[in-house]
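The lines below spell out each chain.
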Amino acid sequence: MPRLFTGLEIPQDLAMDLGMMRGGLYGARWIDVENYHIALRFIGDIDDATARDVHSSLEQIKRKPFEVTIETLGSFGGDKPRAIVAKAKPATPLVELQAQQERMLRRIGIPPEPRKFTPHVTLARLRAASSMAVADYLSSRGFFFSRRFEAQRFVLFSSRASTGGGPYVVEAAYPLG
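Cut-offs used in this document
Residues numbered from 1 in each chain as written. Predicted model: local features only at pLDDT ≥ 70, side-chain atom pairs only at ≥ 80, totals over all residues. Heavy atoms only, no water. Core = buried A, V, L, I, M, F, W, Y, C linked by side-chain atoms within 4.5 Å. Buried < 20%, exposed > 50% of the residue type's maximum accessible area, 1.4 Å probe, protein only. Contact = heavy atoms within 4.5 Å. Helix = DSSP H or I, 4+ residues; strand = E, 2+ residues; numbered from the N terminus. Pairing = 2+ DSSP bridges.

Colleague: Explain the nonpolar core residue by residue, including any values.
Modeller: Counting 47 residues, the largest nonpolar core has Leu8, Ile38, Val121, Leu123 and Phe154 as the members making the most contacts within it. When near neighbours in sequence (up to four residues on either side) are disregarded, Leu8 contacts His37, Ile38, Leu40, Phe66, Val68, Leu94, Leu97, Ala151, Arg153 and Phe154.

Colleague: Give me the lowdown on the pairing of strand β5 (residues 83-88), citing residues and values where you can.
Modeller: The element β5 is largely enclosed, with a buried count of 5 among its 6 residues. Two elements, strand β4 (residues 66-76) and β5, share 6 bridges in a ladder whose sense is antiparallel. Within β5, the position partnered with Thr72 by the bridge is Lys87. Where β4 folds back on β5, the antiparallel hairpin that results is connected by 6 residues, among which Gly77 adopts a positive phi of roughly 115°. In this structure, β5 lies alongside strand β6 (residues 120-126), joined through 5 bridges in antiparallel fashion. Looking across to β6, one finds that Ile84 is bridged to Ala124.

Listed below in structure tokens is the structure:
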């Protein structure tokens, strides 16, 4: 039973720059640079027949390439931080691509995604990191500058059930344009 999700790959040069943010925070499990991505839609553990339906649906998406801007470092979880992330600007083409995937997957019976879409690259998952330590970490990396790249495709990833995710495998790619 594959565990699937869709996403945008991060160009290697940007991934290497984001990888330079690793370290210096107690309780962080840093994501391997080769697993950086912007998740668009988590699908979950599904059977092979449903996976084929997912692929057929995603093949129907026709959109133009668009620019993605990674604009800031941040965290998720508020007083109980659970992740360090590089947040992407929720530009219209990115949000529309995610919404189209949501609609198409719901049509084939995939349950709705309960979380609001917040485009980001997860850099670390946190355990027992205090909100003060996270704030200190983020303020010490205030030199981070925004970066852009052109999304020319989105992909269907698979993963194994593991702590912290990964490794992720590209099962199919869907060109934009």
